[in-house]
Amino acid sequence: MTEKNSLSRRTLCIGVGATVAMAGLGSLRYLGSEALVRPPGGQDEENLVSKCVHCYRCIEACPEQVIVPASIGSGVLNMRTPHMEFSDCYPGQLDDFRYCDMCAERNGGVPLCAEVCPSGALALPADYTPDSEVLGVAVLNTETCIAYRSSFCAFCHDVCIQVRGEDKAAIYYQNADASDALDTRLPVVDAAKCNGCGACEAVCVSAQAGSAMNASERAIVVKPLDE
Amino acid sequence: MKFKNARTVVAVVAFAALAVCLIANVAAGTWCGFGAADIAVLCPVGALLSMVAAKTLIPRAVISIVVAIALVLLLGRLFCGWVCPVTLWRRVKEFFTPVKKLEERKAADAKVNQALAAEEIAALKAAPSGHACGACGACGAKRNAKFDSRHAVLGGAVLTTAVFGFPVFCLVCPVGLSFAAVALLVGLFGAGDLNWSLLFVPAMLVIELVFLRKWCGRFCPISAFMSLFSRFSRTGMPVIDNERCLETAKETACSRCATACSFDVNLRHPDLGELPLHDCARCGDCIDACPTNAISFRVVSGKPAPFADAFASLRGRAASKERPASPALDDLEPEEA
Ligand code: SF4
Ligand code: SF4
Ligand code: SF4
Ligand code: SF4
Ligand code: SF4
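Anyway, here's the lowdown on the structure attached to this text.

Our next topic: the site of ligand 2. In the vicinity of ligand 2, the contacting residues are A:Cys52, A:Val53, A:His54, A:Cys55, A:Tyr56, A:Cys58, A:Pro82, A:Cys117, A:Pro118, A:Ser119, A:Ala121 and A:Leu122. Of the residues contributing to the shell around ligand 2, the split by class is ten nonpolar, two polar and no charged.

What follows is the structure, encoded as structure tokens:
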């Protein structure tokens, strides 16, 4: 009989202990979590964090390798969920950078990440088109942007035209008309046209060129929409 | 090759293959969600938790659970014995435990198991033939239960997931974290990515697999899930040939199969294992340990018989024949492979 008692006592201790530990971990979600740029179909945060089983298939499927798992540092809710990372590219390589083209090149505009996601965490809206999906918006930091600080720089402006085409390009020069002088041209993001593809961030040369200014990130970075 | 080595190789190859896919960007997934192209199944616990978290039915999650149940009905906890990366962590832990300590532990286990076996054999020998075991109680208490602490942990996982709206257990699942560790290394060496997960993931793995005694048998909700259905499995189990087993044929307390079992199952005396027989992971360690080679896997193994029945089946014969003295156990060590 004693054996039986110790068995159920252990069951109770472990069951309660583990549940309390998991509740403790779960409640850390109220500490808040960093807003992250998600892969296509992952824009509904609630849907993504509840359904994602952290299988990493989306990460593996991305031909551009721009999806990475989030660290626990960005919140327990985010840990191991997929988010977009465009700053891993070596800066200034206009012919060798990685960004999200909604898999236009590799899969006819159907995002492979959302296609392989087995849990429905990445779910494209019913009316999805490669042009309608918006991952986030590029935000330009005039404190660190080279064009604003010192000399003319055209990387983000040019790459945006390169990947989006003249019509849809989202970066324009603020005072292109005011002066012919190149080094007064200041890039500005038109948030209404930007889809957060990340090409600008991938090529931005600021953090490297300006290491003296202690920039923690590149001067143009894609941010989630609701930030 | 011994089963233990064979299954270590299988688990290493499986883990390495998925790790390579992660590095080489092949969308095979991990054990959390595994597949090729658009055919994929989810880990049944992950599938359950994500439906609880999202408070909706997810078709693929339901299918995954059904597939998992079907596999468990066929092969029980085979995943634990042959595939789960935690099996590998356990081998690593074993590797770093001093040999002396391992031997001491084994010896202590063997002593306990033999004593239990001797007790049951003695009680059965003393009992009049045709006696009802359930009513007697001389054999000591059953040492396992239909539901145990693992099921409580599974319940806790479902509860916390429902409350907090995301699959909380997945954060600490050692299977998922094993793959998280690979991804962290890829990030670290690929992009120089330093982050808090580099501390959290190894710390969690160490807590669960080093400090918590017996994660697999006492905590793991995946094993809890599997054991809910493996109890109905009648296939692929190791079965003892009672004609050859020392305990039934020679009435000698041996129980080496119980001591060898990596999953705390007692094949000879199912009621006396820390876990019930249906938690058998088809690992084969008992087969390797049996001094008379009495154990083998059977495709259709049928309903496991309690020791009393196995013992009774040979008893009549034992009484009629004049038996030789029990052989000394040391003469019967299985040959080293
Ligand atoms: S749509 Fe394609 S390129 Fe964009 S993140 Fe998904 S897999 Fe990568
Ligand atoms: S494929 Fe889906 S479930 Fe798997 S990690 Fe990506 S978002 Fe999560
Ligand atoms: S993220 Fe926006 S601004 Fe940057 S290149 Fe893409 S569309 Fe242009
Ligand atoms: S009990 Fe859990 S952790 Fe242990 S081998 Fe089985 S699935 Fe893996
Ligand atoms: S009973 Fe035998 S095959 Fe089953 S888990 Fe134990 S040692 Fe392995």
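From this point, things continue past the structure.
Our focus in this paragraph is the packing of helix α10 (residues 174–191) of chain B against helix α11 (residues 197–211) of chain B. All names here are of chain B. For the pair α10 and α11, the least separation of the axes is 10 Å and the interaxial angle reads 150°. Here α10 lies roughly antiparallel to α11, going by the angle between them. In the crossing of α10 with α11, the sense of the turn from one axis to the other is left-handed. Along its contact with α10, which presents Pro174, Leu177, Ser178, Ala180, Ala181, Leu184 and Leu188, the element α11 presents Ser197, Leu198, Val201, Met204, Leu205, Glu208 and Leu209.

With that settled, consider the packing of helix α1 (residues 3–23) of chain B against helix α5 (residues 85–96) of chain B. Residue and element names in this part refer to chain B. With their axes 9 Å apart at the nearest point, α1 and α5 run at an angle of 120° to one another. By the angle between their axes, α1 is oblique relative to α5. Considering the relative orientation of α1 and α5, their crossing is left-handed. Residues Lys4, Asn5, Arg7, Thr8, Ala11, Val12 and Phe15 of α1 pack against Pro85, Thr87, Leu88, Arg91 and Glu94 of α5. Of the residues assigned to the contact of α1 with α5, the class counts are five nonpolar, three polar and four charged.

Residues and elements named next belong to chain B. With antiparallel pairing, the three strands of this open sheet are ordered in space as β1-β2-β3. Lying at the two open borders of the sheet, with one neighbouring strand each, are β1 (29–30) and β3 (39–42). In this sheet, β3 lies alongside strand β2 (residues 33–36) in antiparallel orientation, the contact comprising four bridges. Note on β3: the bridge partner recorded for Gly33 is Leu42.

As a further point, take the pattern of salt bridges. Pairs can form between side chains of opposite charge whenever their charged atoms are close. In the structure shown here, the tally under the stated rule is 17 salt bridges over all chains. In this structure, B:Asp148 engages B:Arg150 in a salt bridge whose closest nitrogen and oxygen atoms are separated by 2.8 Å. Here B:Arg150 and B:Asp279 are joined by a salt bridge, their closest N and O atoms 2.8 Å apart. Taken together, the residues span a long stretch of sequence, with B:Arg150 in helix α8 (residues 149–164) and B:Asp279 in the loop between α15 (256–260) and α16 (285–289) at a distance of 129 residues. Here B:Arg150 matches B:Asp279 in class, with each residue buried. Bridged by salt links that share partners, the residues A:Arg10, B:Lys214, B:Arg218, B:Asp264 and B:Glu274 form one connected network.

Turning to the site of ligand 4, a few remarks are in order. In the region of ligand 4, the neighbouring residues are B:Arg77, B:Phe79, B:Cys80, B:Cys84, B:Val86, B:Trp215, B:Cys216, B:Cys220, B:Ile222 and B:Ser223. When the residues that make up the shell around ligand 4 are grouped by side-chain class, the tally is eight nonpolar, one polar and one charged.

A few words on unusual backbone geometry. Non-glycine residue A:Arg80 carries a positive phi angle of around 70°. Locating A:Arg80 in the fold gives a position in the loop between β1 (67–69) and β2 (82–84). In this structure A:Arg80 comes out as buried when scored by relative accessible area, which is 4%. Phi angles above zero are rare outside glycine, and B:Lys55 is one such case at about 50°. By the element assignment, B:Lys55 lies in the loop between α2 (44–54) and α3 (59–75).

Turning our eyes to something else, we now look at the interface of chain B and chain A. Taken residue by residue, the interface counts 60 residues in chain B and 45 residues in chain A. Surface buried jointly by chain B and chain A totals about 4100 Å² across both partners, of which 68% is contributed by carbon and sulfur atoms. When the buried surface of chain B facing chain A is broken down by residue, B:Asn25, B:Phe164 and B:Leu171 rank first, second and third, together holding 15% of it. Inspection of the chain B/chain A interface yields one salt bridge.

Definitions and cut-offs
- Residues numbered from 1 in each chain as written.
- Chains lettered and ligands numbered in written order.
- Predicted model: local features only at pLDDT ≥ 70, side-chain atom pairs only at ≥ 80, totals over all residues.
- Heavy atoms only, no water.
- Near = heavy atom within 4 Å.
- Nonpolar A, V, L, I, M, F, W, Y, C, P; charged D, E, K, R; others polar.
- Axes fitted to C-alpha atoms, helices over the stretch in contact; angles between N-to-C directions.
- Helix = DSSP H or I, 4+ residues; strand = E, 2+ residues; numbered from the N terminus.
- Parallel < 35°, antiparallel > 145°, perpendicular 65-115°, else oblique.
- Left-handed = near helix turned anticlockwise from the far one by under 90°.
- Contact = heavy atoms within 4.5 Å.
- Pairing = 2+ DSSP bridges.
- Salt bridge = Lys/Arg side-chain N within 4 Å of Asp/Glu carboxyl O.
- Buried < 20%, exposed > 50% of the residue type's maximum accessible area, 1.4 Å probe, protein only.
- Buried area = accessible area lost by both parts, 1.4 Å probe.

Everything listed here is a matter of coordinates, which is why it stays silent on function.
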